[in-house]
Amino acid sequence: MASSFATSFAVAETGRCSFNCDYSSSVHCFRDQVRFFGKSCRRIKPLVYSYSSSPRCEVSVVEKESNVLGLEVLKTSDRYINMSSNIMVIGLNIHTTPVELREKVSIPESEWPQAIRELCSLNHIEEAAVLSTCNRTEIYVVVLSKNRGIKEVTEWMCKYSGVSDTELREHQFLLYNKDATQHLFEVAAGLDSLVLGEGQILAQVKQVVKNGQGERVPGFGRKISELFKHAITAGKRVRTDTNISSGSVSVSSAAVELALLKHVPDCSSMSPRVLIVGAGKMGKLVIRHLIAKGCKEMVIVNRTEDRVAAIREELNTDNAGVIIEYKPFSEMLSCAAQADVIFTCTASKDPLFVKESVQAALRCVNSSRSRLFIDISVPRNVESSVSELEGACIYNVDNLNEVVEANKEDRLRKKKEAEVIIAEEVTKFEALKDSLETVPTIKKLRACAERIRAAEVEKCLSKIGDDDLSENNKKAIYDLSLAIVNKMLHGPMQHLKCDGTQKRNLSDILENMHALNRIFDLDTEMDDKLRAKKQQNRKQSS
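None of these values were measured; they are calculated from a predicted model.

A.B. asks: Can you break down the environment of Glu-167 residue by residue, with the values?
C.D. replies: With respect to the secondary-structure elements, Glu-167 resides in helix α7 (residues 165-171). By relative accessible area, Glu-167 is classed as partly exposed at 31%. As a C-alpha pair, Glu-167 and Leu-101 span 66 residues in sequence and 8.9 Å in three-dimensional space.

A.B. asks: Pulling in residues and values, what's your account of the packing of helix α11 (residues 251-262) against helix α13 (residues 281-292)?
C.D. replies: Where α11 meets α13, the axes come as close as 8 Å, and the angle between the chain directions of the two elements is 50 degrees. One way to sum up the angle between α11 and α13 is to call them oblique. For the crossing formed where α11 meets α13, the hand is right-handed. For the pair α11 and α13, contact is made by Val-251, Ser-252, Ser-253 and Val-256 and by Met-282, Leu-285, Val-286, His-289 and Leu-290, respectively.

A.B. asks: An account of the sheet that holds strand β5 (residues 136-143) is needed here, citing residue identities and associated values.
C.D. replies: What the four strands build is an open sheet, ordered β4-β5-β3-β6; its pairing is antiparallel. Every other strand in the sheet has two partners, leaving β4 (125-132) and β6 (173-176) as the edge strands with one partner each. Within this sheet the neighbouring strands show an average axis-to-axis angle of 15 degrees, counted without direction. When strand β3 (residues 87-93) meets β6, the two strands line up antiparallel, connected through four bridges. Note on β6: the bridge partner recorded for Gly-91 is Phe-173. Across the sheet, helix α5 (residues 112-120) touches β4 and β5, and the angle it forms with β4 is around 150 degrees.

A.B. asks: So what's going on with the pattern of salt bridges? Residues and values would help.
C.D. replies: If you walk through the whole model with that rule in mind, you get 23 salt bridges. Linked by salt bridges that have partners in common, Arg-237, Asp-241, Glu-424, Glu-425 and Lys-428 make up one network.

A.B. asks: Now, about the packing of aromatic side chains: what can you tell me, with residues and values included?
C.D. replies: The description of an aromatic ring pair uses the distance of the two centres, along with the angle that the planes make with each other. Considering all chains together, one arrives at five aromatic pairs under this definition. Here the aromatic rings of Tyr-140 and Phe-228 are separated by 5.3 Å at their centres, their planes lie at 80 degrees, and the arrangement is edge-to-face. A residue pair is termed long-range when its members are at least 10 positions apart, and Tyr-140 in strand β5 and Phe-228 in helix α10 (residues 222-242) qualify at 88 residues. Exposure class is identical for Tyr-140 and Phe-228. Each is buried. Here a set of aromatic residues connected by ring pairs shows up, and it is made of Tyr-140, Phe-220 and Phe-228. When the ring centre of Tyr-176 is taken as reference, the NZ or CZ atom of Lys-146 above it lies at 4.2 Å. Geometry around Phe-329 places Arg-303 over its ring, the cationic atom sitting 4.6 Å from the centre.

A.B. asks: Can you lay out a nonpolar patch on the surface for me, pointing to particular residues and giving the numbers?
C.D. replies: Together, Leu-480, Ile-484 and Met-488 give the surface a local cluster of nonpolar side chains, amounting to about 340 Å² of exposed area. In this fold, Ile-484 is placed in helix α20 (residues 471-496).

A.B. asks: Which residues make up helix α14 (residues 306-315), and what values do they have?
C.D. replies: Taken residue by residue, α14 has Val-308, Ile-311 and Leu-315 as its buried positions. In an axial view of α14, the angular spread of the buried residues amounts to 55 degrees, which keeps them on one side of the axis. The exposed set on the far side of α14, more than 90 degrees from its buried face, consists of Asp-306 and Glu-313. At its buried positions, α14 is contacted by α13, β8 (297-301), α15 (317-320) and β9 (323-327). Backbone geometry just after α14 places Asn-316 at a positive phi near 55 degrees.

Calculation notes
Residues numbered from 1 in each chain as written. Predicted model: local features only at pLDDT ≥ 70, side-chain atom pairs only at ≥ 80, totals over all residues. Heavy atoms only, no water. Helix = DSSP H or I, 4+ residues; strand = E, 2+ residues; numbered from the N terminus. Buried < 20%, exposed > 50% of the residue type's maximum accessible area, 1.4 Å probe, protein only. Axes fitted to C-alpha atoms, helices over the stretch in contact; angles between N-to-C directions. Parallel < 35°, antiparallel > 145°, perpendicular 65-115°, else oblique. Left-handed = near helix turned anticlockwise from the far one by under 90°. Contact = heavy atoms within 4.5 Å. Pairing = 2+ DSSP bridges. Salt bridge = Lys/Arg side-chain N within 4 Å of Asp/Glu carboxyl O. Phe/Tyr/Trp six-rings, centres within 6.5 Å; stacked < 30°, edge-to-face > 60°. Lys NZ or Arg CZ within 6 Å of the ring centre and 35° of its normal. Patch = residues over 30% accessible without salt bridge, like charges linked within 9 Å, V, L, I, M, F, W, Y side chains within 5 Å. Areas by Shrake-Rupley, 256 points an atom, 1.4 Å probe, with all protein chains shown as cover. Arc of directions from axis to C-beta.

As C-alpha cells, this is what we get:
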C-alpha cells in the first residue's frame, strides 16, 4: 500500500488527488507519503485524518514529481523510519468529536500518572503523556513501532472509555513527528481551541509537565518531556508577541459572554440572579469574569465553604463591593429555581440537574420566567432533557461557537501572526530533536569499531606472544590500532555532525545516519528494547 501511494502521489498532475485506504494500511502510511513528498503538496489539516470505515484522504498537488527512487520508497517503510524518536499523537477534540463521546474518553488529571504507566507497559510504547480537558483528550506517545503503536493505544482507549473500536476510529485523529509537534504547539498557543488564544489550555499543558515530573512517572520520559516544555515556550511566545489572549479567550470568559448575549444585556444595570455550581478552577474564573462585567451579587454552591472563602479573599470582593453567598449542595435545586443564570462547572461524572428534579424545584417557586443553564463541564452537569422544560435553555461547551464568531477578522489576523511564530518554534525543536538523532548512531558506530579493534589487537598479541614484546612495542601496536580506527571513523563522524558548523543540510546528515545504521547493522536498539519489554510483560503476567 505504501509503495502504491508513493507512486500515485509522485506522478499526480496539478489538481486534487483522492485516495481510499483501509485501516490496516491506514492514513498513517499516507501521512508519511505526504511528509516525504512535502515539496509537492500542501499540508493537510489534521481533520482529514479522522478514521472511518473507509477513510478518504484528499491532497492538493501543486507540481509534478517524477523519478521516484527505490530509496525514497524505502524511506516510507516502517523498517526504515522505525527510530526511537517517533512521536505520535492520537486524540479526539472539539473539532472532530461531539461532547457525548468526549466525556466518555475524558481522563481526570488524578488518573494521568496511572494512564501513562499502563500505556508504557504496552509492548510498543516507550514514553507517554496525557492531555485531557473539556475540549480534548489527546495521548502523546513515543513508539517503537508505528502501526503496532496505533493499535495498542487505540485498544487501551477503548478499554478505558468503554467506547467501541469502530466509534473511536470514526472520530479520532492521528499525527506523527513534526505534525504532532506542530499540533501540540498550536494547542499550547490556543490556536486549536474553540476560543482562539484561550489562556487556560497553556496552564493545562504546564500541568502535564508538572504532573509527570512531580509524580516521577517513569513513562513521562525525556523526549515527551522536552516536547511539552518546548510547547510551553511556544505558547508563551505567541501570547507575548501577538496579544492573542486579549478579549474573551477562555471557556469561562466565553461562557460569561454567552450569558450576556443570550439573557442579560448589562449585568451592571439589571442585577441578574446568578448561581455558580462548583468553586474549582473553572468556577473561580467564571466569578472573576462576572465581576469584570459588573455583576455584584452571586451565589456559589460547593461542597465546602472553605474554597468559597478563599475565592472571596483572593478576589478581594469586600473592597470591590461584590457579595458572594455560599450555599451547600443540598440547596442547589432551590438556588437554581431562584436564579436567572446557572453556571455549572464541577467534576461530577453524573448529571447534577435532571429533568424531574428541576421541574419539581421550579414548581415550588411558581415562577414562569426563563432560566439559562450554561454547562461548561465535561462530563456534562445538566441533562439535555432539562431543555424540554418551559423557560429552560441549556448551552454547553459546544455552543460557545456563537461567542467565538465575534470579532472574527481581528482573531484571524492574530492567528496568522501566531502561525509564523509556531512555524519558527517547530523548526527549532525539530532541529534540536534531529541533532540528537545522530548521537546514538555515533556511539554505536564507535563502540562497534572499538570491539573490532580490541579483538584484533588481542588476536595479534596472542600470535606474537606477550613474552616476545616489550611494553613499548605493545603500546606501539595499541596506538597504531587506535590511530587506524580514528582515521577510518573521521569521515563518517564528520558526515554525522549536526552542530551547525557543517555546510551539509539536515536531510543529508540524516541520510548518512540511516545508511550507516544499515551498513553496519547498528539499528538493533529498537529490537533490543522491544524484546526487553515483551520479556518484562511476560514475567509480570505469569
